[in-house]
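Reading the structure
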Amino acid sequence: TTQYYVAFGLANLGANEHNHVTMVEEGGLQPIIALLSSPDEDVHLKAAAAIRGLSVHPENQLKVVQEGGLAQLAILTQSKHVEVQREVVASLCNLSQADENKYEISKSGVIRPLIALAQSEDMEVAKQACGTLANLAQLQESQGRISEEGGLIPIIKVMRSSFKDVQREAGRALANMATIETNHDAIVSGGGHQMLISYLLNPDTACQRAGAQGIANLATNKRYRIKLVKA
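In this numbering scheme, every chain counts its residues from 1 along its sequence in written order. In view of the model being predicted, local features appear only for residues whose pLDDT reaches at least 70, and side-chain atom pairs are presented and counted only at 80 or more, with totals across whole chains, interfaces and linings using the full set of residues. With hydrogens and water set aside, each side-chain value is computed from the structure's full complement of heavy atoms.

Moving on, we come to the overall build of the chain. Counting from the N terminus, the helices are DSSP H or I runs at least four residues long and the strands are E runs at least two residues long. Along its length, the chain carries 17 helices and zero strands. Remark: exposure states derive from per-residue accessible area (1.4 Å probe, protein chains only) relative to the maximum for the residue type, with buried under 20%, exposed over 50%, and partly exposed in between. Buried residues in the chain amount to 52% of all 231 residues. Put simply, the chain shows about 10800 Å² of open surface, and 51% of that area lies on carbon and sulfur atoms. Areas reported here follow the Shrake-Rupley algorithm with a probe of radius 1.4 Å; residue values treat only the protein chains shown as occluding.

All right, on to the pattern of salt bridges then. Here, a salt bridge means any Lys or Arg side-chain nitrogen found within 4 Å of an Asp or Glu carboxyl oxygen. Considering all chains together, one arrives at twelve salt bridges under this definition. The residue D185 makes a salt bridge to R223 at a minimum N-O spacing of 2.9 Å. In this pair, D185 sits in helix α14 (residues 184-189) while R223 sits in the loop between α16 (205-218) and α17 (225-230), placing the two residues 38 residues apart along the sequence.

The criterion is simple. A nonpolar core is a set of buried Ala, Val, Leu, Ile, Met, Phe, Trp, Tyr and Cys residues joined through side-chain atoms within 4.5 Å. Among the nonpolar cores identified, the biggest contains 60 residues, and I51, L114 and L174 are the most heavily contacted of them. Should any heavy atoms of two residues lie within 4.5 Å, those residues are counted as being in contact. Beyond its immediate sequence surroundings of up to four residues, L174 is in contact with L152, I155, I156, M159, I187, G192 and L196.

Moving on, we get to the environment of L139. Along the chain, L139 turns up in the loop between α10 (123-136) and α11 (140-148). For L139, a relative accessible area of 27% gives the class partly exposed.

Turning our attention to the packing of helix α5 (residues 58-66) against helix α8 (residues 99-106). The axes are straight lines fitted to the C-alpha atoms, using for helices just the contacting stretch, and the angles between their N-to-C directions are given from 0 to 180°. The interhelical angle for the contact between α5 and α8, taken along N-to-C directions, is 30 degrees, at an axis separation of 10 Å. Taken as axis vectors, α5 and α8 run roughly parallel relative to one another. Judged by the twist between their axes, the crossing of α5 over α8 is left-handed. Contacts from Q61, L62 and V65 in α5 reach E100, N101 and E104 in α8. Working definition: roughly parallel below 35 degrees, roughly antiparallel above 145 degrees, roughly perpendicular at 65 to 115 degrees, and oblique for all remaining angles. Note on convention: the crossing is left-handed when the near helix lies turned anticlockwise from the far helix by less than a right angle, right-handed when the turn is clockwise.

The next thing to look at is the packing of helix α4 (residues 41-54) against helix α7 (residues 82-95). In the contact formed by α4 and α7, the axes pass within 8 Å of each other and the chain directions differ by 25 degrees. As the angle between them shows, α4 and α7 are arranged roughly parallel. Seen along the crossing, α4 lies across α7 with a hand that is left-handed. Where α4 abuts α7, its residues E41, L45, A48, A49, I51 and R52 lie against E83, V84, R86, E87, V88, A90, S91 and N94. Classification convention: Asp, Glu, Lys, Arg as charged; Ala, Val, Leu, Ile, Met, Phe, Trp, Tyr, Cys, Pro as nonpolar; all other residues, Gly among them, as polar. The residue inventory of the contact of α4 with α7, partitioned by class, reads seven nonpolar, two polar and five charged.

Our next topic: α10. Two residues of an α-helix separated by three or four positions point the same way, owing to the 3.6 residues in each turn. Helix span is expected to be 1.5 Å times the residue number reduced by one. Look at α10: 20 Å from first C-alpha to last across 14 residues, which is about the 20 Å you get at 1.5 Å a residue. Judged by how many residues are buried, α10 sits mostly within the fold: twelve of 14 residues are covered. Of the residues making up α10, those classed as buried are E124, V125, A126, Q128, A129, C130, G131, T132, L133, A134, N135 and L136. At the N-terminal end of α10, a side-chain oxygen is found 3.2 Å from the backbone nitrogen of E124, two or three residues along, and the residue is D122. Polar contacts, as counted here, are pairs of nitrogen or oxygen atoms within 3.5 Å of one another; within protein the pair requires one atom able to donate a hydrogen and one able to accept it, and residues that are adjacent in sequence qualify only if both atoms are side-chain atoms.

The terminal C-alpha atoms of helix α13 (residues 164-177) lie 20 Å apart, and with 14 residues this matches the ideal 20 Å at 1.5 Å per residue to within 8%. The buried fraction of α13 amounts to ten of the 14 residues, a majority that puts the element mostly inside the structure. Listed in full, the buried residues belonging to α13 are V166, Q167, E169, A170, G171, A173, L174, A175, N176 and M177. Residues of α13 that are buried make contact with α10, α11, α12 (152-158), α14, α15 (192-200) and α16.

With that settled, consider the environment of G53. By the element assignment, G53 lies in helix α4. Sequence-wise, G53 and N94 are 41 residues apart; in three dimensions their C-alpha atoms are separated by 9.1 Å.

Next up on the list: the confidence of the model for the chain. For any part of a model where pLDDT is low, the fine detail of the predicted coordinates should not be relied upon. With 88% of its residues at a pLDDT of 70 or more, the chain has an overall mean of 90. Note that residues 4-8 has pLDDT below 50 and, in this model, nine contacts with residues that lie over four places away or in other chains. The quantity known as pLDDT measures the predictor's confidence residue by residue, on a range of 0 to 100.

Take the side chain of N183 next. Of note, N183 is situated in the loop between α13 and α14. Using a relative accessible area of 3% as the deciding quantity, one classes N183 as buried. If near-sequence neighbours (up to four positions away) are discounted, N183 is found in contact with Q143, S147, L152 and M177.

The following block contains the structure:
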């Protein structure tokens, strides 16, 4: 279809970092966002790929949200197609890097789907979903929403992933969730402290960092200091 070839061309242009700002300045963002609502799954894929490329650039991250891209991406988190899931969660992960976007993303309805996608067997989907949750968990409001949606136990489980990239992002998510004391009981009862300690022994530096940060956050709670030492 015409829409497919338009989306395909825009995705290819958006993959080139030199085009990121120019495409948006020339009014290319709105047509891409419109294509996200196409009934054609292939068009979804290419349009989401274009958003992923454009949202790498910090200047575009706010604009995607401001112009309605977040609402369409939120709908596409329900897609059953792995390739679409990859592009959508990667776009959300890029958008969530902007502090100004974190609150908007957390209230858009994507947290529950992100928790589910974090448990995907596909490495890229799981990594990007965990990365988005980790970024959102830098904001206290988002931490509360992730907890309310039952995200702590799934995040702890995903830390056992056989994929190093998924381990890193899941560990970072739990470490960020441990910054507020109201999450500590659920983290410890779910064995999260043990996973964080195991990360200290992980040969990967990023995992070590997540483990150290998470334990440091839990150790601010006097009730768990002895338990942590014994563990």
